[in-house]
Amino acid sequence: MTGSTPARELLSGNQAIARGAWQAGVTVATGYPGTPSTEILEAATRFKDDLCLEWSPNEKVALEVAAGAALTGARCIVTMKHVGLNVAADPLMTLSYTGVVGGLVIVVADDPGMHSSQNEQDSRHFARFAKVPMLEPADSQEALDFTVLGLELSEKFRTPVLLRSTTRVSHSSGIVTLGPRKVPDRKIGFEKDIARFVPVPAHARGMRLRVEERTAILRAAAESSPANRIEWADRGLGVIAEGVAYQYVKEVLPGASVLKLGWAIPFPDALLRTFASGVARVLVVEELDGILEEHVRSLGIACEGRSLVPGMGELSSSRLAAVLRGMPGITPASIVPPSEQPAALVAQPPAHPEAADLPARPPVLCPSCPHRGIFHALGKFDVVVTGDIGCYSLGAFAPLNRLDTILCMGAGISMAHGMTKAGEPRRVVGMVGDSTFFHSGITGLLDIAYNKGNPVIIVVDNRTTAMTGHQDHPGTGRTLAGAETGEAKIEDIARACGMKNVVVVNPYHLKPTTETLRKALESDEAWLIVSRGACPLATHERLGPPRKVDQDLCTVCKACLKLGCPAIEFDGAKVTINDLLCNGCSMCQQVCPSKAIGLASGECRDA
Ligand SMILES: Cc1ncc(C[n+]2csc(CCOP(=O)(O)OP(=O)(O)O)c2C)c(N)n1
């Protein structure tokens, strides 16, 4: 492989992390999908002959698997999005105490601006919380280099290392210089050492002290690490920037002195002091929380930061330029030679000027999405629906309007149980996807069976993790590397959890689905309904010929519009079906009371 390796390649940040892991000799890579981290393991499949690659059922399992592998001396990476680190926080906190043998890098991808997330979190808190070092690449080259560096640091200092990417770094591409794969020359095998690997209180107290000692050593190492550097220029203003914020600073303030931090936690205090003493004013530019600014201030260094730089949403060079225009005393023009001033300094253009005239396009379920059938059925009943995160989250919006809460993965089931226990007068339905069920739904189901709850739980099983781009999971019968494997059955698991009423429905058949739901809701027992229909975007299957509206029969009652299918168009007077979008699922035909919808050939019959 190395002989034919090109020296340079255009790689996204995520691809570069995968490449870095391979170069550093990683042999075990685990993770759970989540934007913007998903493509790391997908890109690693390129190296599947050299690595054990696994989608885990959730992030906690992913980290525990990697932790076990790292204790045998193997180098490992784990990937997840920011909220995934909440799920993996439990093993992380104590893995910090026990430490590792082989290098272990936990890649966490934050999503400032919530391009694809339910919240905005700054994972740097976790580095401080767990007392582990964190590296923050600013581009694809650093994504590769810091993955390698992180694995080296992890082994050298016997600590898990967090590598924090953000959407911008993960999804932007840059030219990356590649290197060969170097697998450390060591025998894999766990060596018993209970004082080190068994954190019972008597051992954990000693570990706690060693974590403090390790932090001091790591701090000293960060002071001189090439991941941190000072770029002296105009001494009137010194900017301290972390991760991708560095790129924006270089664009907007090319003349300023910059302390670029790629390894900011634990904070390199001496370096921060050296830099601050060499400039007249200090500005801290960081995305999301003011963690660095607070620390700089705690060192007695006067600085500006959150008072000027927004702490919510994603930063950009134009956003930064706009705020710096308001910086008292120092204007970007005094730092940037006018000839080099980016346009952003001269005028603040709208973020996407070309998009200004386009009509808003709220997200909707795809044509022929199986989730639509279950939402249609739910629409017939006065129930509360505790939902979850996945494509079916879209059921919260018009015209479906059939999902009432979302919290976090797995909560669709447990919140339903909580509502019934609290005495909610209506029947409560909990809804989760198949991937979400395996991720963190099963324990909620156990709770319902064990504590005699009675919500109706629907698992919308579209045979894939659709929302994040069709990743496999324990129910699909395929591994990340594409190998066939056993297929966990949701209904078997539900029965094993103690659920008595377990049924499977075909959500494309609206009447039977509605009747099954009615039966479940009319009983006062707990039910588990598996609504099984494969995501047509994953199977690439056409479900039937496109449907057509017979304008002579159509009364414009708009029953079909309530399905929220993007293939059904209404111009204010006439309903039509876009045959380029229609995938032939026939749900519109089933709901049409006038039998005006049928095959494009003109035949109108019940599906
Ligand atoms: C803790 C956590 N990890 C990962 C994600 C990213 N994510 C959002 S929904 C989802 C799963 C979607 O799959 P599924 O439940 O099968 O529903 P579908 O989208 O297929 O309808 C994932 C992985 C997340 N939001 N939270």
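Note that this is a predicted model, so its numbers are computed, not measured. (Residues numbered from 1 in each chain as written. Predicted model: local features only at pLDDT ≥ 70, side-chain atom pairs only at ≥ 80, totals over all residues. Heavy atoms only, no water.)

K.L.:
Help me out: how do you make sense of the site of the ligand in this one?
P.N.:
In the region of the ligand, 26 residues are neighbours, and Glu59, His371, Asp434, Thr436 and Ala466 sit closest. The side chain of Asp434 places a nitrogen or oxygen atom 2.7 Å from an oxygen atom of the ligand. Contact with the protein chains hides 98% of the accessible area of the ligand, taken as 580 Å² for the molecule alone. Broken down by secondary-structure element, the contributors of at least two residues to the shell around the ligand are α4 (82-87) and α19 (434-450). No other element matches α19, which puts 4 residues into the shell around the ligand. Residue composition of the shell around the ligand, by class: 10 nonpolar, 13 polar and 3 charged. (Near = heavy atom within 4 Å. Polar contact = N/O pair within 3.5 Å; in protein donor to acceptor, adjacent residues only side chain to side chain. Areas by Shrake-Rupley, 256 points an atom, 1.4 Å probe, with all protein chains shown as cover. Helix = DSSP H or I, 4+ residues; strand = E, 2+ residues; numbered from the N terminus. Nonpolar A, V, L, I, M, F, W, Y, C, P; charged D, E, K, R; others polar.)

K.L.:
How do you make sense of the side chain of Glu242 when you look at a structure like this?
P.N.:
Mapped onto the fold, Glu242 is located in strand β10 (residues 234-242). For Glu242, the contacting residues outside a window of four places in its chain are Arg124, Glu136, Leu261, Ala264, Val285, Glu286 and Leu292. (Contact = heavy atoms within 4.5 Å.)

K.L.:
So what exactly am I meant to see when it comes to the sheet that holds strand β12 (residues 281-285) here?
P.N.:
Across a sheet, strands are paired by hydrogen bonds formed along the backbone, either parallel or antiparallel in direction. What the 4 strands build is an open sheet, ordered β9-β11-β10-β12; its pairing is mixed. Strand pairing shows two members of the sheet lacking a second neighbour, β9 (228-231) and β12, which therefore form its edges. Going across the sheet, the axis of each strand differs from the next one's by a mean of 15 degrees, ignoring polarity. Those strands touched by helix α11 (residues 245-252) are β9, β10, β11 (256-261) and β12, and its axis lies near 155 degrees from that of β10. (Pairing = 2+ DSSP bridges. Axes fitted to C-alpha atoms, helices over the stretch in contact; angles between N-to-C directions.)

K.L.:
So what exactly am I meant to see when it comes to the nonpolar core here?
P.N.:
Note that soluble globular proteins tend to have their nonpolar side chains buried in a common cluster. Counting residues in each nonpolar core, the largest one holds 45 residues, and the members touching the most others are Leu85, Leu104, Leu162 and Ile240. At 6 residues, helix α3 (residues 59-71) tops the list of elements feeding residues into this core. Apart from the residues lying within four places of it in its own chain, the contact partners of Leu85 are Met80, Leu92, Ile106, Val108, Ser123, Phe126 and Leu162. Residues Leu378, Val428, Val502 and Leu517 belong to the second largest nonpolar core, which totals 41 residues. (Core = buried A, V, L, I, M, F, W, Y, C linked by side-chain atoms within 4.5 Å. Buried < 20%, exposed > 50% of the residue type's maximum accessible area, 1.4 Å probe, protein only.)

K.L.:
I'm lost on empty space enclosed by the protein in this one. Help?
P.N.:
Any empty space left between the atoms is revealed when a probe the size of a water molecule rolls over them. Under the counting rule described, the total for this entry stands at 4 cavities of 30 Å³ or more. Approximately 100 Å³ is the volume attributed to the largest cavity. Residue lining of the largest cavity: 16 residues in total, with Cys565, Ala567, Cys582, Cys585 and Cys588 positioned closest to the centre. (1 Å grid on protein atoms, 1.4 Å probe; cavity = no way out; pocket = protein on both sides within 12 Å on 5 of 7 lines; lining within 4 Å. Points joined across faces, edges and corners; volume = space filled by probe spheres on them.)

K.L.:
In this structure, what is going on with the environment of Thr72? I would like to understand it.
P.N.:
With respect to the secondary-structure elements, Thr72 resides in the loop between α3 and β4 (76-81). Residue classification places Thr72 among the partly exposed residues on the basis of a relative accessible area of 23%. Along the chain, Thr72 and Glu191 lie 119 residues apart, while their C-alpha atoms are 7.3 Å from each other. In this structure Thr72 touches Lys187, Ile188, Gly189 and Phe190, once residues within four positions along its chain are discounted. A distance of 2.6 Å separates a polar atom in the side chain of Thr72 from the backbone oxygen of Ala69.

K.L.:
Would you take a moment to explain the confidence of the model for the protein chain for this structure?
P.N.:
Atom-level detail of predicted coordinates should not be read off regions where pLDDT is low. On average, residues of the protein chain carry a pLDDT of 94, and 93% of them reach 70 or more. With pLDDT under 50 throughout, residues 337-350 is counted as low confidence; its partners more than four residues away or in other chains account for 18 contacts. (pLDDT = per-residue confidence, 0-100.)

K.L.:
What exactly am I supposed to notice about unusual backbone geometry here?
P.N.:
When glycine is set aside, most residues are seen to have a negative phi, and most peptide bonds are trans. Between Thr35 and Pro36 the backbone carries a cis peptide bond, its omega angle lying at 10 degrees. Along the chain, Pro36 turns up in the loop between β2 (28-31) and α2 (39-44). For the bond from Ala398 to Pro399, the omega torsion is 0 degrees, close enough to zero to count as cis. Non-glycine residue Arg158 carries a positive phi angle of around 55 degrees. Structurally, Arg158 is set in the loop between α7 (140-157) and β7 (161-166). Among the residues examined, Arg158 registers a relative accessible area of 46% and is labelled partly exposed. Residue His540 is not a glycine yet carries a positive backbone phi of 60 degrees.

K.L.:
For this particular structure, what's the right way to read helix α13 (residues 291-298)?
P.N.:
Helical geometry: 3.6 residues make up each α-helical turn, so side chains three or four residues apart lie on a common side. What α13 keeps buried is the set Ile291, Leu292, Glu293, His295 and Val296. Elements in contact with the buried residues of α13: α6 (124-130), β10, β11, α12 (269-277) and β12. With its phi angle positive at about 85 degrees, Gly300 sits one or two positions after the end of α13.

K.L.:
Even after reading the chapter, I still don't get the pattern of salt bridges, so can you show me in this structure?
P.N.:
Note that side chains of opposite charge can pair when their charged atoms are close. As enumerated under the stated definition, the model contains 28 salt bridges in all. Residue Asp122 pairs with Arg124 through a salt bridge whose shortest N-O separation is 2.7 Å. Taking relative accessible area as the criterion, Arg124 reaches 1% and is therefore assigned buried. Note that Asp461 and Arg463 form a salt bridge whose closest N and O atoms lie 3.3 Å from each other. A network of salt bridges, in which partner residues are shared, links Asp110, Asp122, Arg124, Glu136, Arg164, Glu242 and Glu286. (Salt bridge = Lys/Arg side-chain N within 4 Å of Asp/Glu carboxyl O.)

K.L.:
Sorry if this is basic, but what is going on with the packing of aromatic side chains here?
P.N.:
Each aromatic ring pair is described using two quantities: the centre-to-centre distance and the angle formed by the ring planes. Inspection of every chain in the model, using the stated rule, returns 5 aromatic pairs. For the ring pair Trp22 and Phe47, a centre distance of 4.9 Å and an interplane angle of 15 degrees mean the geometry is stacked. Placement of Trp22 in helix α1 (residues 13-23) and of Phe47 in the loop between α2 and β3 (52-55) is noted, with a sequence separation of 25 residues between them. The exposure classification of Trp22 matches that of Phe47, with both residues buried. Here Phe190 and Phe197 contribute two aromatic rings whose centre-to-centre distance is 5.4 Å and whose plane-to-plane angle is 45 degrees, an arrangement assigned as tilted. The ring of Trp232 has Arg235 sitting right over it, with the charged end atom 3.7 Å from the ring centre. Its end group placed over the ring of Tyr246, Lys260 keeps NZ or CZ at 5.2 Å from the ring centre. (Phe/Tyr/Trp six-rings, centres within 6.5 Å; stacked < 30°, edge-to-face > 60°. Lys NZ or Arg CZ within 6 Å of the ring centre and 35° of its normal.)

K.L.:
When you look at the sheet that holds strand β13 (residues 384-386) in this model, what are you seeing that I'm missing?
P.N.:
One open sheet accounts for 5 strands, arranged β13-β14-β15-β17-β16; its pairing is parallel. Every interior strand has two partners, whereas the edge strands, β13 and β16 (501-505), have only one. Across this sheet, the average inter-strand angle for adjacent strands is 20 degrees, counted without regard to direction. Here 6 bridges tie strand β15 (residues 456-461) to strand β17 (residues 527-532), and the two strands are oriented parallel to one another. Its bridge partner being in β17, Val459 is matched across the sheet by Val530. Packing of helix α18 (residues 411-422) onto the sheet brings it into contact with β13, β14 (428-433) and β15, and relative to β14 it is tilted by some 170 degrees. Lying on the sheet, helix α21 (residues 510-522) is in contact with β14, β15, β16 and β17; it crosses β17 at an angle near 165 degrees.

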